[in-house]
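Each chain is listed here by its residues.
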Amino acid sequence: MIRFYYHPTPNPAKISLFLEESGLDYEVVPVDTSKGQQHDPEFRTINPNGKVPAIVDLDGPGGIQATVFDSTAILIYLAEKTGRFLGQAQDRPQLLSWLLFLASGLGPFSGQSVHFQHAAPGGLDYAVNRYRREAERHYKVLDDHLADREFIVGNEYTIADMSAWGWLDRASRVMKGTEDPLALYPNIKRWFQGIDARPAVSRARMVGTDIAFKKVNDEQTQRALFPSNFLPAA
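Worth saying up front: this structure is predicted, and the values here are computed from it rather than measured. (Residues numbered from 1 in each chain as written. Predicted model: local features only at pLDDT ≥ 70, side-chain atom pairs only at ≥ 80, totals over all residues. Heavy atoms only, no water.)

A few words on the domain arrangement of the chain. Each assigned domain of the chain is listed with its residue range as follows: domain 1 (2-84 + 204-229) and domain 2 (89-197). Computed over C-alpha atoms, the centres of domain 1 and domain 2 are 21 Å apart. Surface buried jointly by domain 1 and domain 2 totals about 1500 Å² across both partners, of which 65% is contributed by carbon and sulfur atoms. Our enumeration of links across domain 1 and domain 2 arrives at three salt bridges. For Asp196, the salt bridge is made with Arg205, and the minimal N-O distance between the two is 2.4 Å. Taken together, domain 1 and domain 2 are joined by six residue pairs in polar contact (both at pLDDT 80 or more). Of all the secondary structure elements, the ones that give two or more residues to the side of domain 1 that touches domain 2 are α1 (10-22) and α3 (71-82). With seven residues, α1 is the single largest residue contributor to the side of domain 1 that touches domain 2. Its residues assigned to classes, the side of domain 1 that touches domain 2 shows nine nonpolar, three polar and four charged. (Domains from an automatic or database assignment. Buried area = accessible area lost by both parts, 1.4 Å probe. Salt bridge = Lys/Arg side-chain N within 4 Å of Asp/Glu carboxyl O. Polar contact = N/O pair within 3.5 Å; in protein donor to acceptor, adjacent residues only side chain to side chain. Helix = DSSP H or I, 4+ residues; strand = E, 2+ residues; numbered from the N terminus. Nonpolar A, V, L, I, M, F, W, Y, C, P; charged D, E, K, R; others polar.)

Structure follows, in C-alpha cells:
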C-alpha cells in the first residue's frame, strides 16, 4: 500500500499517473497547501521541505516502510519497485538526463512563469519576461528532441513521459494569453496528444476530485503558499 500525499498541482499529477498506470494499491492523503497543511509538523516528518507530492510505501524494500519525497525521486523509486516504465538498460543515461532536465529546468521555470504571470503583484516585468522566456526555451529544447521520436527516451513510454506530462498539461497557464499554447511546439503537441489519450490519464485526472480543497486565494492562502514573502526584511 502506498500512502500518496496529494494536492491537485502538476507535480502530484505525475505520481497520480504512475499509480494509475501501474495498478499499485494506494490511498490519497490530502495536503491542502492553500490551508498551509504542508507546514504541519506531521507532514514535515515525511517531507522536511514541506512540498507535495510525497509517499510512504508501507511495504518498502524488505518489507520496511519507506518514505520518499520529490516527484522525480518518487517516479524513480516506484519504477524500480515495480520494474516498469524504466525503458531499456541502454537507455538509462538518457532517462536520467531527461528526468533531471524536467526536474531542474522545464518544471521549475514553468512554475515561476505561472507564479509571476498569475500570482505576483504587478510591476515585475523583468521577472515575468525572464521566466516566461526560459519556459519557452525549455519547451523548444524538448520540441526539438521530439522531432523524430514518439517518446522522450528510447522507443517506449517511460517515467520521463509521465514527468513531462504533469507540467505540459498546464501549458495554458505557463503560456498565459496564448489560445493554443502548444501551437509553436508541434512535436510536443503531437507527443502530448498521444500521452493524453492513454486510459490511465483519464483515471489520473479523477484522483482527488472527491476532496474539497480550498479554492479561495485570500491572505491565509498567500501566507501558506509564499511564507517567505511575509518575513520581515533583513
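Here the narrative resumes.
Our next topic: the UniProt feature "domain: GST N-terminal" (unreviewed entry) in the chain. Mapped onto the present numbering, the UniProt feature "domain: GST N-terminal" (unreviewed entry) falls at residues 1-86. Spanning residues 1-86, this segment combines 34% helix with 21% strand, and its end C-alpha atoms are found 21 Å apart. (UniProt positions renumbered as here; feature names shortened; annotations may be inferred.)

In this section: the packing of aromatic side chains. Applying the stated criterion across every chain yields a total of 12 aromatic pairs. Their ring planes at 35° and their centres at 5.9 Å tell us that Phe109 and Tyr131 sit as a pair that is tilted. A residue pair is termed long-range when its members are at least 10 positions apart, and Phe109 in helix α4 (residues 92-119) and Tyr131 in helix α5 (residues 125-145) qualify at 22 residues. The buried category is assigned to Phe109, whose relative accessible area is 18%. For Tyr131, a relative accessible area of 23% corresponds to the partly exposed category. Taking the centre distance of 5.3 Å and the plane angle of 65° together, the rings of Tyr139 and Tyr185 count as edge-to-face. (Phe/Tyr/Trp six-rings, centres within 6.5 Å; stacked < 30°, edge-to-face > 60°. Buried < 20%, exposed > 50% of the residue type's maximum accessible area, 1.4 Å probe, protein only.)

Among the nonpolar cores identified, the biggest contains 56 residues, and Leu78, Tyr139, Ile159 and Trp191 are the most heavily contacted of them. Domain assignment of the residues forming this core places at least three in each of domain 1 (2-84 + 204-229) and domain 2 (89-197). Ile159 has contacts with Phe18, Leu75, Ile76, Ala79, Phe85, Leu86, Leu95 and Leu99, leaving out every residue within four places of it along the chain. Counting seven residues, the second-largest nonpolar core is a separate cluster that includes Val31, Ile46, Val52 and Ala54. (Core = buried A, V, L, I, M, F, W, Y, C linked by side-chain atoms within 4.5 Å. Contact = heavy atoms within 4.5 Å.)

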